[in-house]
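# Geometric and topological summary
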Amino acid sequence: MTLVIYIAVMAGVTYFIRMIPFAAFRRQIKSRFFRSFLYYVPFAVLTAMTVPAIFYSTGSMTTAAFGTAVAVVLAYFDMPLIVVALAASAAAYAAGFVIPFFA
Amino acid sequence: MKSPFVRGLLDGVPIALGYLSVSFGFGILAVRSGLASLTAVIISAVNLTSAGQAAGIAIIAAGGSYLEMALTQLVINLRYGLMSISLSQKLDDTFNTPRRLLVAYGITDEIFAVASAQKGLLTARYMYGLISISTLGWCMGTFLGASAGALLPASLTNAMGIVLYAMFIAIVIPPAKKSRGVLAVAASAALCSMIFRYLVPQVTSGFAIILSAIIASVAGALIFPVAGEGEPEVESV
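Conventions and cut-offs
- Residues numbered from 1 in each chain as written.
- Chains lettered and ligands numbered in written order.
- Predicted model: local features only at pLDDT ≥ 70, side-chain atom pairs only at ≥ 80, totals over all residues.
- Helix = DSSP H or I, 4+ residues; strand = E, 2+ residues; numbered from the N terminus.
- Rg over C-alpha atoms; globule rule 2.2 N^0.38 Å.
- Buried ≥ 20, exposed ≤ 12 C-beta atoms within 10 Å, placed from the backbone.
- Contact = placed C-beta atoms within 7 Å.
- Nonpolar A, V, L, I, M, F, W, Y, C, P; charged D, E, K, R; others polar.
- pLDDT = per-residue confidence, 0-100.
- Domains from an automatic or database assignment.

For the rest of this paragraph, the subject is the overall build of chain B. When helices and strands are tallied, chain B shows 11 helices and zero strands. Seen in sequence order, chain B has helices and strands lined up from the N terminus as α-α-α-α-α-α-α-α-α-α-α. Rg of the C-alpha trace for chain B: 19 Å, near the compact-globule value of 18 Å for 237 residues, within the 12% margin. Dimensions of chain B along its principal axes, counting C-alpha atoms only, are 55 × 50 × 40 Å. Relative to its 237 residues, chain B shows a buried fraction of 51%. Sequence-distant contacts in chain B: of pairs separated by 6 or more residues, those separated by 24 or more amount to 79%.

And the structure:
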């Protein structure tokens, strides 16, 4: 029973955070400042989530750095999301095998 | 011309693949902290959030209070509120209240990222496609992780940890090449985030993300305001 309440509290809070602003904002926001702010939010949120967390994402800073470098280069050349994502993962995986030979 | 739902499904494939690997880890974690596989899948299905779920099962395992659970979810997931406001500006005219209530369920970092990178306005059907395949990946990964986590070698699961972050990079870099504003905002967000992480570690990661995003976006809006009508809104997707 307590488990059900825990999950309900968890899911309820998470849903309302998403739903209230989404349902409430009906009109286009006119303020140029606020529009600019909202335009930049996605880039700011994603970057703040990625740096520095990406360097801790594979359990080894070295393999993560390899994966990150591959992601940055491929993203710079406008590769599709899935290509960048899987190539970075493959690079981190490969680095995990190759690096011990040079260490 | 593909239907909006199918385009949503296709655009959601990288998200679903990324989710498979991340929620795989969540599944392992959930079973380790004493939950049944089915419970883990239910938690994934009703929450659809990585950091919040990881914190949630820790609170369940520790027997924390419901208030602690509510506050933790509020803080960690507050960023979704910002994303919801931002996305609410991109909805087409057919987005009525029931549709908004449905789609609100699926506003995650990755779905938000892909949706906000779309040119033009968003339709409910596009969002349904994007959200349903992502949710499927999230729940399947949880199930697989909860039931078979010990079978994959650690070298593979470790390397999969980078998938979602690499996708974020692929979303931010192309526009940052073209816009000094986006570049400046991304650079300041990264700087703030590092300052919080290494110099002010008392700030929890959820708050650090919110504060970094607000500081960088306010600075960007003041120094590089978006021209005229803001984002061009031409065609619906």
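Attention now moves to the interface of chain B and chain A. Facing the 82 residues of chain B at the interface are 62 residues of chain A. Looking at the side of chain B that touches chain A element by element, the count peaks at 17 residues for helix 4 (residues 66–88) of chain B. Its residues placed into classes, the side of chain B that touches chain A shows 52 nonpolar, 24 polar and six charged.

Attention shifts here to the confidence of the model for chain A. Of all residues in chain A, 98% attain a pLDDT of 70 or more, and the chain-wide mean is 90. Averaged pLDDT values for the elements of chain A fall to 86 in helix 2 (residues 32–50) of chain A and rise to 97 in helix 3 (residues 61–76) of chain A.

When cut into domains, chain B gives domain 1 (4–161) and domain 2 (179–232). When each unit is reduced to the centre of its C-alpha atoms, the spacing between domain 1 of chain B and domain 2 of chain B is 23 Å.

With that out of the way, let us pick up the environment of Leu191(B). Residue and element names in this part refer to chain B. Note that Leu-191 resides in helix 10 (residues 180–199). Classification of Leu-191 by C-beta neighbours within 10 Å gives partly exposed; the count is 16. Distance from Leu-191 to Ala-216, taken between C-alpha atoms, is 9.2 Å for residues 25 residues apart in sequence.

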